[in-house]
Amino acid sequence: MTKQTDTCDVLVAGGGMVGLTLALALRQAGLEVIAVDGEVPAAQLDPAYDGRASAIAFASWRMLKTLGVVERIGAHAEPIEEIVVSDGRPAGSSRRSGPSSLFLHFDRRELNPGPEGEALGYMVENRRMRLALAQQARETGLDLRAPDAVESHSVLPGQIRVQLRSGRVVQAGLLAAADGRDSRSRRAAGLRTAGWVHKQAALVVTVRAQRPHRGIAHEYFLPGGPFAILPLSDNRACVVWTDRAPTVGALLALKDGDFLAELKARFGDFLGDLTVEGPRFSYPLGVHVAEKLIAPGVALVGDAGHGVHPIAGQGLNMGLRDCAALAEVLVDAARLGQDLGATATLARYDRWRRFDNALLAWATEGFNTLFSNDWPLLRLARDLGMSAVSSIPPARRFFMKAAGGELGDLPLLLRGEALAL
Amino acid sequence: MNTASTLDPSEIAKFAKTAHAWWDEKGPFAPLHRLNPARLAYIRDRAAARFGPPASRRRPLEGLRVLDIGCGGGLVSEPLARLGARLTAIDAEGETLKIAEAHALAQGLSITYSQASAEDLAHKGLQFDLVIAMEIIEHTADVGAFLTAAAALTAPGGLLILSTINRTWMAKALAVHAAEHLLRWVPAGTHDPEKLVKPEEIAAPLRALGLEVDAPVGLSLDLGKGGFRLSADVRMNYLIAAERR
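Before going further, it helps to examine the packing of helix 1 (residues 17-29) of chain A against helix 9 (residues 315-335) of chain A. Residue and element names in this part refer to chain A. Taken N-terminus to C-terminus, the directions of helix 1 and helix 9 make an angle of 25°; their axes are 9 Å apart at the nearest point. With respect to each other, helix 1 and helix 9 are oriented roughly parallel. For the pair helix 1 and helix 9, the crossing hand works out as right-handed. Of the residues in helix 9, those in contact with M17, V18, T21, L22, A25, L26 and A29 of helix 1 are L316, G319, L320, C323, L326, A327, L330 and V331. Tallied by class, the residues present in the contact of helix 1 with helix 9 amount to 13 nonpolar, two polar and no charged.

The next thing to look at is helix 2 (residues 30-51) of chain B. Residue and element names in this part refer to chain B. Taking 1.5 Å per residue, 22 residues should reach 32 Å; helix 2 reaches 31 Å between its end C-alpha atoms and fits that length. In the structure, helix 2 departs most strongly from a straight axis at N36, where the bend amounts to approximately 45° and where the proline P37 lies between one and four residues downstream. Every buried residue belonging to helix 2 is among L32, H33, L35, N36, P37, A38, R39, L40, I43, R44 and A47, and all of these are buried. Just past helix 2, the residue G52 takes up positive phi, approximately 95°.

As a further point, take the nonpolar core. A:L22, A:A176, A:A327 and A:L330 are the most contacted members of the largest nonpolar core, which totals 182 residues. Beyond its immediate sequence surroundings of up to four residues, A:L330 is in contact with A:V10, A:L26, A:L31, A:L174 and A:L340. Counting six residues, the second largest nonpolar core, distinct from the first, contains B:I165, B:A175, B:V176 and B:A179.

Taken together, the contacts link 17 residues of chain A with 21 residues of chain B. Elements with a minimum of two residues in the side of chain A that touches chain B: helix 9 and helix 10 (343-371) of chain A. A total of five residues in the side of chain A that touches chain B trace back to one element, the largest contributor, which is helix 10 of chain A. Considering only residue class, the side of chain A that touches chain B consists of eight nonpolar, six polar and three charged.

Residues and elements named next belong to chain A. Here A146 and P147 are connected by a cis peptide whose omega angle stands at 0°. The backbone phi angle of R214 is positive, close to 50°, even though this residue is not glycine. Mapping R214 onto the fold places it in the loop between strand 12 (193-209) and strand 13 (216-222). For R214, a count of 10 C-beta atoms within 10 Å corresponds to the exposed category. For N235, which is not glycine, the phi dihedral falls at a positive 50°. For N235, the position within the fold is in the loop between strand 14 (225-232) and strand 15 (236-244).

Once that is clear, we can look at the sheet that holds strand 3 (residues 53-57) of chain A. Strands in a sheet are paired, the pairing made by backbone hydrogen bonds, and the direction either parallel or antiparallel. Residues and elements named next belong to chain A. Taken together, the three strands give an open sheet; going across it, the order is 3-7-4, and neighbouring strands pair in antiparallel fashion. If you trace the sheet from one side to the other, it starts and ends with strand 3 and strand 4 (78-80), each paired once. Direction aside, the axes of adjacent strands within the sheet are offset by 30° on average. Alignment of strand 3 against strand 7 (residues 121-125), held across five bridges, turns out to be antiparallel. Residue pairing for strand 7: I56 is matched across the bridge by Y122. Contacting strand 3 and strand 7, helix 2 (residues 58-66) runs over the sheet at an angle of about 90° to strand 3. Sheet contacts for helix 5 (residues 126-139): strand 3 and strand 7; angle to strand 7, the most-contacted strand, approximately 90°.

All names here are of chain A. Strand order in the open sheet formed by eight strands is 6-5-13-14-15-12-16-19, with mixed pairing between adjacent strands. Where the open sheet ends on each side, the last strands, each with one partner, are strand 6 (103-107) and strand 19 (306-307). When strand 16 (residues 274-290) meets strand 19, the two strands line up antiparallel, connected through two bridges. Bridge pairing in strand 19 links H288 to G307. This element, helix 7 (residues 245-253), spans strand 12, strand 15 and strand 16 of the sheet and lies at about 30° to strand 12. In this fold helix 8 (residues 256-267) packs onto strand 13, strand 14, strand 15 and strand 16, with an angle of close to 65° to the strand it touches most, strand 16.

The next thing to look at is the packing of helix 1 of chain A against helix 5 of chain A. All names here are of chain A. Taken N-terminus to C-terminus, the directions of helix 1 and helix 5 make an angle of 30°; their axes are 10 Å apart at the nearest point. In this view, helix 1 runs roughly parallel relative to helix 5, as classed from their interaxial angle. In terms of crossing hand, the pair formed by helix 1 and helix 5 is left-handed. In contact with M17, L20, T21, A23 and L24 of helix 1, helix 5 contributes N126, M129, R130, L133, Q136 and A137. Here the contact of helix 1 with helix 5 is composed, by residue class, of seven nonpolar, three polar and one charged.

Here chain A averages 86 in pLDDT, while 82% of its residues score no lower than 70. With pLDDT under 50 throughout, residues 91-95 of chain A is counted as low confidence; its partners more than four residues away or in other chains account for five contacts.

By the bridge criterion, 13 bridges tie strand 12 of chain A to strand 16 of chain A in an arrangement that is antiparallel. Opposite A:A194, over in strand 16 of chain A, you have A:V289 as the bridge partner.

Here A:L340 is to be found in the loop between helix 9 and helix 10. The sequence separation of A:L340 and A:L232 amounts to 108 residues, and the corresponding C-alpha distance is 40 Å.

All names here are of chain A. With eight of its nine residues buried, helix 2 lies for the most part within the structure. Among all positions in helix 2, only F58, A59, S60, W61, R62, M63, L64 and T66 are buried. Elements in contact with the buried residues of helix 2: strand 3, helix 3 (69-73), strand 7 and helix 9. A positive phi of about 80° marks G68, the residue just after helix 2.

What counts, and where the lines are drawn
- Residues numbered from 1 in each chain as written.
- Chains lettered and ligands numbered in written order.
- Predicted model: local features only at pLDDT ≥ 70, side-chain atom pairs only at ≥ 80, totals over all residues.
- Axes fitted to C-alpha atoms, helices over the stretch in contact; angles between N-to-C directions.
- Helix = DSSP H or I, 4+ residues; strand = E, 2+ residues; numbered from the N terminus.
- Parallel < 35°, antiparallel > 145°, perpendicular 65-115°, else oblique.
- Left-handed = near helix turned anticlockwise from the far one by under 90°.
- Contact = placed C-beta atoms within 7 Å.
- Nonpolar A, V, L, I, M, F, W, Y, C, P; charged D, E, K, R; others polar.
- Expected span 1.5 Å × (residues − 1).
- Bend = angle between axes of the 7 residues up to and from the residue.
- Buried ≥ 20, exposed ≤ 12 C-beta atoms within 10 Å, placed from the backbone.
- Core = buried A, V, L, I, M, F, W, Y, C linked by C-beta atoms within 7 Å.
- Pairing = 2+ DSSP bridges.
- pLDDT = per-residue confidence, 0-100.

Now the structure itself:
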């Protein structure tokens, strides 16, 4: 039997949001790409597949615009005009629900004034993002093999030989592992991870509000964990309710009316009456960081390399920043005729991304520990800390820029510039 | 023509011992792997300046006849072949060439490797559009004879590019002593400090042979990025290009 062998510059394992973004970036630059994903393409687009929404930081947004994805998301993106972070407490305690008086307030007008100023970020339902990426992949003729998956790989001089489940063999310059937190390619490359699973879980649900949300995102710190209200298009909001895992389990099991009552007790009534739209989803939480983002012939991107607590909305953005950096490193290497999988090539990517990723992983972790606590002194300290940050404009702008992915040595794609060979 | 060999037997024996390690990025040739991006960028851009803007940015050296003198394991030959060059690569050490040949073959890269010296090829009257001699002149027995052969191998209208380590107290202290004994980046005895060559010792003979010689360009450690970058500082490693009219 003769085996079918295909060749390309980069084989992207995983056709999720990060994998497809990387594939589109490399292809736009002129590299030959094959992407493989384990599921039939339609599975990801089913409304029941992923109930989450993502806050796309403005630097990531520029890249998606450059790649033609923003145009396809269209009116399904909701600009985030303001972010209000406060120490909330559910009704029934000493105070009514909703934002507390001491809070951290970020306003995009402070960073980018005028009605045309760039938003702090954009809220997009993951399903809409997946749909837009899939459309753009199809329109640009991306070679996406699905359902198929990487079975094994072996590193040869100047190339990597990948055995697919379908029996096909792909010879590539690099295997980019975008195959999620349980990345098979990461394990096959012998890269270990550090991290742990949380006692907290996240409940995600979409609600429709009576009063306009005006693009304001709210994050309350409740004793059980952060509670986020994220503005969506069509005056809906995505609620990310982090709580102890058994509590989340109980909330999932509640009857619709009882659940709505529990939700309102935390949400508050500042947006008027609420109605729940669609099913409730729950996600386990954990933090992990790979020891290295590279091995000979292999680079990790997105959740394969790192996962964070969703508290600061940075998980997907970190993955998108990985895509921008890796694409630029590979395009530069291709223009020098270099072996794409060589350590000399990939070390730049590892150095570019590892510090940012590890720092964010542990910083958001510390943030969560600090805020998921009802000890009065800690509570006072964080209220004072938040109001201190809030009252110092440079500190406020720094946080906004950091959350927007605007700090450090920015890859070209994150500045909105296309890569080209 | 001076027929004295430019090959130095003791230098060749030194490289035979480490032939297997050329493609080990953590081995004795690690510094060369790290020098590569900056060297390759210089060669690519200098070739574009000489031969005109390339039709393809992926294969900017398409169609150029290129000779790599002292190719070692093929660290520079392979990228240049990927950039479209028609490569002839020579080295004096046979074990090294076997490694280089096998490594290129495994990737389907077409590179003509042969065990020869620069003057062997010059005697045959061969000429190339682009001749490169990376980190090799400091290992030759006779710098003048080597430059004469390299110039003869450069076709009229062609380009010759060399890179090496300067003979300064700083280079002796860092590129030779620290790299060999303190950092252990390269095996002890890799470089003989007294055989290092100053830019003017390359430029003057080439000018006398009728070539137009560029000002040398430095290669400096880029601590932030962990590699090397082109710079104005030629006290350590440097590149020098010359055009033959």
